[in-house]
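So you can see what is in the structure, the chains are spelled out below.
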Amino acid sequence: MQMENFAPIMFAGLVVIMLIGFPVAFSLAALGLFSGFYAIEMGWFPAGFMANLPLNVFGILSNETLLAIPFFTLMGAVLEKCGLAEDMLDSMGQLFGPVRGGLGYSVIIVGFILGAITGTVAGQVIAMAMISLPIMMRYGYNMRYSTGVLAASGTITQLVPPSLVLIVMADQLGTDVGQMYKGAWGPSILQVLIFAIYTFLVGRIRPDYVPGVPASARTLSGWALWGKCLRGIIPSAILIFAVLGSMGGLPFMDHAIATPTEAGAMGAVGSLILAAIHRRLNWQMLKEAMDGTMRLTAMVVFILIGSRMFSLVFQGVDGAKWIEHMLSGLPGGQIGFLIAVNIFVFFLAFFLDFFEIAFIILPMLGPVAAKLGIDMVWFGVLLCVNMQTSFMHPPFGFALFYLRGIADTLFKNGALPRKIESRDIYLGAVPWVGLQLLLVGIVIFFPQTVTVFLDKQVVVDVDKVQLEMPAEQNEPDTGVNMEDPFNQKSDPEAPATPDAPAPGSDTKQ
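Residues numbered from 1 in each chain as written. Predicted model: local features only at pLDDT ≥ 70, side-chain atom pairs only at ≥ 80, totals over all residues. Heavy atoms only, no water.

### Overview of the packing of aromatic side chains
Spelled out, the test is: Ring geometry is summarised as follows: Phe, Tyr and Trp rings, the Trp one being its six-membered ring, pair when their centres sit within 6.5 Å, and such pairs are stacked at plane angles under 30 degrees, edge-to-face over 60 and tilted between the two. Helical segments are the DSSP runs of H or I of at least four residues, strand segments are the runs of E of at least two, and each set is numbered from the N terminus. Whether a residue is buried, partly exposed or exposed follows from its accessible area with a 1.4 Å probe, protein chains only, as a fraction of its type maximum: under 20%, in between, or over 50%, in that order.
Going through the model one piece at a time under the given rule, you end up with 13 aromatic pairs. On the numbers, 5.2 Å between centres and 50 degrees between planes, the contact of Phe6 with Trp44 is tilted. Residue Phe6 is found in helix α1 (residues 6–20), and its partner Trp44 is found in the loop between α2 (24–41) and α3 (52–61); the two are separated by 38 residues along the sequence. Looking at Phe6, the relative accessible area reads 7%, which means it is buried. By relative accessible area, Trp44 is classed as buried at 17%. Measuring from ring centre to ring centre gives 5.3 Å for Phe346 and Phe347, while their planes differ by 80 degrees; the resulting arrangement is edge-to-face. Judged by relative accessible area, which is 14%, Phe346 ranks as buried. Through a chain of ring-to-ring contacts, three or more aromatic side chains come together here, namely Tyr141, Tyr145, Phe195, Tyr198 and Trp432.

### Thoughts on the nonpolar core
Selection criterion: What makes a nonpolar core is a set of buried Ala, Val, Leu, Ile, Met, Phe, Trp, Tyr and Cys residues whose side-chain atoms join them at distances within 4.5 Å. Contacts were defined at the residue level, with two residues in contact if any of their heavy atoms lie within 4.5 Å.
Core analysis: the biggest nonpolar cluster contains 155 residues, and Leu14, Phe72, Val317, Phe337 and Phe379 have the highest contact counts within it. Ranked by the residues each element gives to this core, the list is headed by helix α13 (residues 283–316), at 11 residues. Excluding residues that lie within four positions of it along the chain, Phe379 makes contacts with Leu173, Phe337, Leu338, Val341, Leu362, Leu365, Gly366, Ala369 and Ile374.

### Quick word on helix α14 (residues 319–328)
Put simply, the rule reads: When we speak of the arc, we mean the arc of directions from the helix axis to the C-beta atoms.
Of all the residues in α14, the buried ones are Gly319, Ile323 and Leu327. Looking straight down α14, one finds that the buried residues subtend no more than 55 degrees of arc, so they occupy a single side.

### Digging into helix α10 (residues 177–205)
Note the following rule: How far a helix is expected to stretch is found by multiplying one less than its residue total by 1.5 Å. The bend at a residue is defined as the angle formed between two axes, one fitted to the seven residues ending at that residue and one fitted to the seven starting there.
The end-to-end C-alpha separation of α10 is 42 Å, in line with the 42 Å expected for 29 residues at 1.5 Å each. Most pronounced at Trp185, the bend in α10 amounts to some 30 degrees, and the proline Pro187 follows within four residues.

### Overview of the pattern of salt bridges
Spelled out, the test is: Every case where a carboxyl oxygen of Asp or Glu lies within 4 Å of a side-chain nitrogen of Lys or Arg is listed as a salt bridge.
Following the criterion strictly, the structure yields three salt bridges and no others. Here Arg206 ties to Asp208 by a salt bridge, and the two come within 3.7 Å at their closest N and O atoms. You can call Asp208 partly exposed: its relative accessible area is 48%.

### Thoughts on the packing of helix α15 (residues 333–348) against helix α18 (residues 376–387)
Short version of the rule: Lines are fitted to the C-alpha atoms to define the axes, a helix being fitted only along its stretch in contact, and any angle between axes, read from their N-to-C directions, falls within 0 to 180 degrees. What makes a crossing left-handed is the near helix being turned counterclockwise from the far one by less than a right angle; a clockwise turn instead makes it right-handed. In this classification, Asp, Glu, Lys and Arg are treated as charged, Ala, Val, Leu, Ile, Met, Phe, Trp, Tyr, Cys and Pro as nonpolar, and every other residue, Gly included, as polar.
Where α15 contacts α18, the two axes come as close as 10 Å, and the packing angle between them is 35 degrees. In this structure, α15 meets α18 at a crossing whose hand is right-handed. Between α15 and α18, the residues in contact are Phe337, Leu338, Val341, Asn342, Val345 and Phe346 and Trp378, Phe379, Leu382, Leu383, Asn386 and Met387, respectively. Of the residues belonging to the contact of α15 with α18, the class tally is 10 nonpolar, two polar and no charged.

### A word on the side chain of Ser35
Note the cut-off: N or O atoms closer than or at 3.5 Å make up a polar contact, with two conditions inside protein: a donor-capable atom paired with an acceptor-capable one, and, for residues adjacent in sequence, both atoms drawn from side chains.
Relative to the helices and strands, Ser35 resides in helix α2. We classify Ser35 as buried; its relative accessible area is 3%. Polar side-chain contacts of Ser35 include one of 2.8 Å to the backbone oxygen of Leu31. Sequence-distant contacts of Ser35, defined by excluding residues within four places in its chain, comprise Phe6, Met10 and Val313.

### A look at the environment of Phe391
Within the secondary structure layout, Phe391 lies in the loop between α18 and α19 (398–412). Sequence separation between Phe391 and Phe350 is 41 residues; the distance between their C-alpha atoms is 8.6 Å. Non-local contacts of Phe391, meaning those with residues more than four positions away in its chain, are made with Val121, Thr155, Gln158, Phe354, Gly397, Phe398, Ala399 and Leu400.

### Notes on the packing of helix α17 (residues 362–371) against α18
Each packed pair of helices is defined by two parameters, the angle between the axes and the distance between the axes. Using the following cut-off: Throughout this description, any angle smaller than 35 degrees is read as roughly parallel, any larger than 145 degrees as roughly antiparallel, any in the 65 to 115 degree range as roughly perpendicular, and the remainder as oblique.
The N-to-C vectors of α17 and α18 enclose an angle of 140 degrees; their axes lie 10 Å apart at closest approach. By the criterion of interaxial angle, the relationship of α17 to α18 is oblique. Here α17 and α18 pass one another in a crossing that is right-handed. Residues Leu362, Leu365, Gly366, Ala369 and Ala370 of α17 pack against Met376, Phe379 and Leu383 of α18. Grouping the amino acids of the contact of α17 with α18 by side-chain chemistry returns seven nonpolar, one polar and no charged.

In short, geometric facts, not functional conclusions.
Written out as C-alpha cells, the structure reads:
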C-alpha cells in the first residue's frame with residue numbers, strides 16, 4: 001500500500017466508527033493509535049514521530065482559551081437552575097400573549113436572552129418546554145408549531161455569544177474569541193428576526209395555529225407587568241454586557257480589558273449574584289451546577305485528546321494535503337467550497353454533535369479555507385450557524401430528545417391534555433431546520449451579516465510608504481562629500497585617496 005492511499009482509508013475508518021455509536025473520544029484515540037503503529041511498520045514516518053503525542057496532549061491541557069469553557073458552563077448551569085427562565089417566560093408570555101402568535105414571540109425572545117446568559121441547549125429547551133408547552137396546548141396552539149418553536153429557540157444558544165461553540169471555533173481556527181463573538185451578533189439577531197417573521201406569517205396564513213391568549217388570562221397588567229419583565233431582563237443584560245464587554249465581544253468595542261478566561265470567571269461570579277437575587281442560591285443548586293460543569297468539561301477534554309491522536313497520525317501520512325487537493329479543486333472557487341463544506345457538515349451533524357465536528361473536522365477544513373482567502377472569523381461563524389441544525393435533525397437531534405422526554409413527563413403529571421407523538425415533534429422541527437439553512441445561505445452570499453461588527457483591519461500599501469529624512473541643519477563643513485566620501489572637497493591639506501599619504505608626512509623608510 002502507498003502512503004498517499006492511507007489518508008482516504010483513515011477518513012473512511014473515521015466515518016465507520018462514528019456510525020457504530022461507540023463514544024467518539026475513545027474511538028478516535030484507538031483509530032489514531034492503530035493507524036500510527038501501522039504507519040511506523042510501513043516506514044512512512046519514524047517511531048519518534050509519535051513522541052509528539054504527549055506534547056500535543058499537554059498543549060491541550062495548558063490551553064488558556066479552552067479554560068474559559070468550564071467558567072461559561074458553570075455560569076449557564078447556575079442561571080439555568082436559579083428560576084430566571086420561569087420568571088422571564090411568565091412575564092413575556094403575559095406581555096405578548098394576547099397578540100396572535102404572542103406565545104411564540106415570547107418563546108423566541110426569551111430563548112435569545114437565555115442563550116446569551118446560559119449557553120446550554122438542554123437546560124434551555126427543558127425549562128421553556130415545562131413552562132410554555134402546557135400553556136400553548138391549553139390555548140389551542142398547533143402541536144407541531146409549539147414543539148418546533150421550543151426546540152428551535154433552544155438551539156439559538158449555540159450561536160448567541162458567549163457560546164461555547166464559538167470559543168472552540170476560535171481556538172481551532174486560531175482567531176480571537178472577541179472577534180468571533182462580534183461576528184456572531186449579526187446572524188444571531190437575523191435568526192431571531194427570521195423566526196419571528198415565520199411566526200407572523202403562520203399567524204396570517206393559519207391563524208388557528210397560533211391564536212391569541214384571552215386578555216382575561218393575564219394575572220398582571222400595566223406597570224406591574226412591565227416591572228416584572230424588566231426585573232428579569234435588566235440584571236441579565238448587565239451580566240451580558242459585563243462579560244462580553246470586558247473581552248471586547250460586543251459590537252463597536254475596540255478594546256478588551258479581560259481574556260476570555262477572566263471574562264468567564266467574572267460571568268460565573270455574576271451568575272451566583274443573580275441566583276442570590278432570585279433567592280435560589282443554595283448548596284444543592286451549586287452542587288448540581290458544578291456536577292454538570294465537570295461532566296461537560298471532561299467530555300470536551302476527552303474528545304479533544306482523541307481528535308488530536310487521530311489528527312497527528314492523519315497529518316503524518318499527508319492527510320492534510322489530500323484534503324486540500326480534494327477541496328481546493330472544487331468548481332466555483334470560494335462559493336463552491338463553502339457550499340460543499342456546509343452540505344458535508346449538515347449531513348455529518350446527523351451523527352455527531354457540535355464539539356465532535358469542531359475538534360475532528362474543523363482542523364481539516366481551516367487550512368484549506370485560509371488558502372482560498374476566506375476570512376476565518378466569517379468561516380467559523382458560518383459553520384456555527386450550520387451546526388445549530390445538529391440539535392434539530394430528525395431523528396437524532398438532541399433538542400428533540402430533550403423535548404420528547406419533557407413532553408412525556410408533563411403528560412404523566414397531567415399538565416398536558418394529550419400525549420405528544422414523536423411524529424409531531426419530528427415534523428414540527430422540519431420548517432425550523434429550513435429556516436436555519438436559510439440563514440446559512442444568507443451568511444454565505446452576504447458576508448456583511450458577519451463582518452459588519454468586526455474591527456476594521458488597517459491595510460498598509462507598501463508601495464506608497466515613504467521615508468522622509470529630517471530637514472538639513474546648519475552644521476560645520478567637514479569637507480567630506482557624504483555621497484562619495486572618497487571624493488572630498490579640494491583641500492591642500494587633505495590626501496587625494498584613502499591610501500595617499502598626508503601632506504608633509506615622511507614616506508622614507
